[in-house]
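# Structural features, examined
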Amino acid sequence: MEYKKFKDISISRLGMGNMRLPERDGHIDVDAASAIIDRAIEGGVNYFDTAWMYHSCESQKFLGEALKKYPRDSYYLATKFHNGFQLDHKTMFEEQLKQLQTDYVDFYLLHGVGGSNGPRYIDEGAVDYFIEQKRLGRIRYLGFSAHASTEYLAKFADHYQWDFAQIQLNYFDWLFKTAAEEYRILEERGIPIVVMEPVRGGRLASLTPESEAPLREAHPEWSIASWAFRFVRSLPQVQVVLSGMTTLDQMNDNLATFSDEAAFTQQDRDVLCDAARKFEGQVLVPCTSCRYCCDGCPSSINIPEWLALYNRYKLEGEWIIKRFAPEVKSDGTPEQCIQCGACNGICPQSLDIPSYLAQLAEKMK
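Before going into details, it helps to say that this report is about the structure given with it. (Residues numbered from 1 in each chain as written. Predicted model: local features only at pLDDT ≥ 70, side-chain atom pairs only at ≥ 80, totals over all residues. Heavy atoms only, no water.)

### So, the overall build of the chain
- Helix and strand counts for the chain come out as 17 helices and twelve strands.
- A compact globule built from 365 residues should have a C-alpha radius of gyration of about 21 Å, and the chain, at 22 Å, falls within 12% of that.
- For the chain, the spread of C-alpha atoms along the principal axes amounts to about 65 × 50 × 45 Å.
- Going through the 365 residues of the chain one by one, you find that 53% of them count as buried.
- With an accessible surface of roughly 16500 Å², the chain has 48% of that area assigned to carbon and sulfur atoms.
- Put simply, the chain has 39 plus and 51 minus side-chain charges, and the middle of one group is 2 Å from the middle of the other. (Helix = DSSP H or I, 4+ residues; strand = E, 2+ residues; numbered from the N terminus. Rg over C-alpha atoms; globule rule 2.2 N^0.38 Å. Buried < 20%, exposed > 50% of the residue type's maximum accessible area, 1.4 Å probe, protein only. Areas by Shrake-Rupley, 256 points an atom, 1.4 Å probe, with all protein chains shown as cover. Lys, Arg positive; Asp, Glu negative; His and termini not counted. Charge placed at Lys NZ, Arg CZ, Asp CG, Glu CD.)

### Points about the sheet that holds strand E12 (residues 238-243)
- Read around the barrel, eight strands follow the order E3-E6-E7-E8-E9-E10-E11-E12 and close on themselves; strand pairing throughout is parallel. On average, adjacent strands in this sheet sit at an angle of 30 degrees to one another, irrespective of strand direction.
- The sheet contact formed by strand E11 (residues 193-196) and E12 spans three bridges and is parallel. Directly across from Val 194, in E12, lies its bridge partner Val 240.
- Across the face of the sheet, helix H7 (residues 150-157) comes into contact with strand E8 (105-113) and strand E9 (139-146) while running at roughly 160 degrees to E9.
- Relative to strand E10 (residues 164-168), helix H9 (residues 179-188) is tilted by about 175 degrees, and along the sheet it contacts E9, E10, E11 and E12. (Pairing = 2+ DSSP bridges. Axes fitted to C-alpha atoms, helices over the stretch in contact; angles between N-to-C directions. Contact = heavy atoms within 4.5 Å.)

### Remarks on the pattern of salt bridges
- Using the criterion set out here, one finds 23 salt bridges in the structure.
- We note a salt bridge from Asp 106 to Arg 72, for which the minimum N-O separation is 2.9 Å. Of this pair, Asp 106 sits in strand E8 while Arg 72 is found in the loop between helix H3 (59-67) and strand E7 (76-81), placing the two residues 34 residues apart along the sequence. A single burial state applies to Asp 106 and to Arg 72, both of which are buried.
- Overall, the relative accessible area of 0% leaves Asp 106 in the buried class. (Salt bridge = Lys/Arg side-chain N within 4 Å of Asp/Glu carboxyl O.)

### Let's talk about the nonpolar core
- Formed by 83 residues in total, the largest nonpolar core has its most connected members in Phe 48, Leu 110, Phe 130 and Phe 144.
- If we ignore the near neighbours within four places in the chain, the residues touching Phe 144 are Leu 109, Leu 110, Val 113, Leu 153, Phe 156, Ala 157, Trp 162, Phe 164, Ala 165, Gln 166 and Leu 186.
- Counting 24 residues, the second largest nonpolar core, distinct from the first, contains Cys 293, Tyr 310, Val 328 and Tyr 356. (Core = buried A, V, L, I, M, F, W, Y, C linked by side-chain atoms within 4.5 Å.)

### So, the state of the cysteines
- If you walk through the whole model with that rule in mind, you get zero disulfides.
- Not engaged in a disulfide, the cysteine Cys 293 finds its nearest cysteine sulfur in Cys 294; these two sulfurs lie 4.1 Å apart.
- By relative accessible area, Cys 293 is classed as buried at 12%. (Disulfide = S-S within 2.5 Å.)

### Description of unusual backbone geometry
- In this structure, His 55 takes a positive phi of about 50 degrees despite not being glycine.
- Among the secondary structure elements, His 55 is positioned in helix H2 (residues 54-57).
- Take His 55: its relative accessible area is 10%, and that puts it in the buried class.
- Positive phi outside glycine occurs at Ser 56, with the angle close to 50 degrees.
- With respect to the helices and strands, the residue Ser 56 is situated in helix H2.

### Points about the environment of Ile 122
- The topology assignment puts Ile 122 in helix H5 (residues 118-123).
- Ile 122 sits in the partly exposed class, given a relative accessible area of 25%.
- Ile 122 sits 55 residues away from Leu 67 along the chain, and the two C-alpha atoms are 33 Å apart.
- Leaving out residues up to four positions away in the same chain, Ile 122 has contacts with Val 127, Phe 156 and His 159.

### A word on the pairing of E12
- Within E12, six of the six residues are buried, which leaves the element mostly enclosed by the surrounding structure.
- Two elements, strand E3 (residues 14-17) and E12, share three bridges in a ladder whose sense is parallel. Bridging across to E12, Gly 15 finds its partner in Leu 242.

### Observations concerning the packing of helix H14 (residues 303-316) against helix H17 (residues 353-363)
- At a minimum axis separation of 10 Å, H14 and H17 run at an interaxial angle of 60 degrees. Where H14 crosses over H17, the handedness of that crossing is left-handed. Along its contact with H14, which presents Ile 303, Trp 306, Leu 307, Tyr 310 and Tyr 313, the element H17 presents Ile 353, Tyr 356, Leu 357, Gln 359, Leu 360 and Lys 363.
- Its residues assigned to classes, the contact of H14 with H17 shows nine nonpolar, one polar and one charged. (Left-handed = near helix turned anticlockwise from the far one by under 90°. Nonpolar A, V, L, I, M, F, W, Y, C, P; charged D, E, K, R; others polar.)

### Re the side chain of Glu 182
- Structurally, Glu 182 is set in helix H9.
- With near-sequence residues (within four places) excluded, Glu 182 lies in contact with Ala 148, Thr 150, Leu 153, Ile 167 and Gln 168.

So this is what it looks like as structure tokens:
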């Protein structure tokens, strides 16, 4: 296992996320999940991340129980306060200590900071309260996680001398979203980065055959997922890379990746970026939202809106459809497409729109 110095301690580069533990009958499968935790410890992982709401509020309790057989100074705990829950920050913190069976938290985060809830963390006293808990030794390092605009990320980062920050960072978001700019903002301020979603919720563990081919040719011994980990691991400002591992196979593959001392070269980066661009072109529908297809649709389907949902589903998984389909503003739904082909004949991008709607309709059943 590779370790990296953080202030006065040394942290494993691979961190164990506890949001995607194996489940049985709608609850954490304690035996299977405990085996993963034990394997992590055996493999040298010493950073364990959780939060109040993970696994329907079961994650912290599970983790506290799973780790209690190990010396408290042999691992580091990270958990979070989110101001979207009913409990206030003081009550939640005290309950978190009980659930985790500890009297201090190593890494504490203000959770999911953005433009809508970020000011509340400041105005309602949470930031000041947790600064005081740090002074009292009940928190060792104070940071935040963010899904914020780059403008608000910079503003919140400047509010306090944060010990660390957690952002979504992977090669796809680096190339096509704002991850590179978010990284630069934190790098300029000297704030160490904890990475979440390095494999984009598992989506980057399996690409298209055409996109994977150059990766397999360059390094046949590397898994596709390991390319994503190696990319973020190579960024100097990155301290810990979190992975929410559901199986022992995933754990073993990640342990092998973070124990491999081989450098991620510029040539490797170029191969990966080329593969990512190919993957984006093969997976995403290049709809420009011109809406030419909408006026003649006999089912009154807001086609651009549904194709935008299709693209999110292809990048983030099927859960996107169930979560966001009800929010699509459209009189007609993909199931109501009669496959007449009127949209095909007028689409400037020559998209096979009925086929995409059919795929969505199948996933919505």
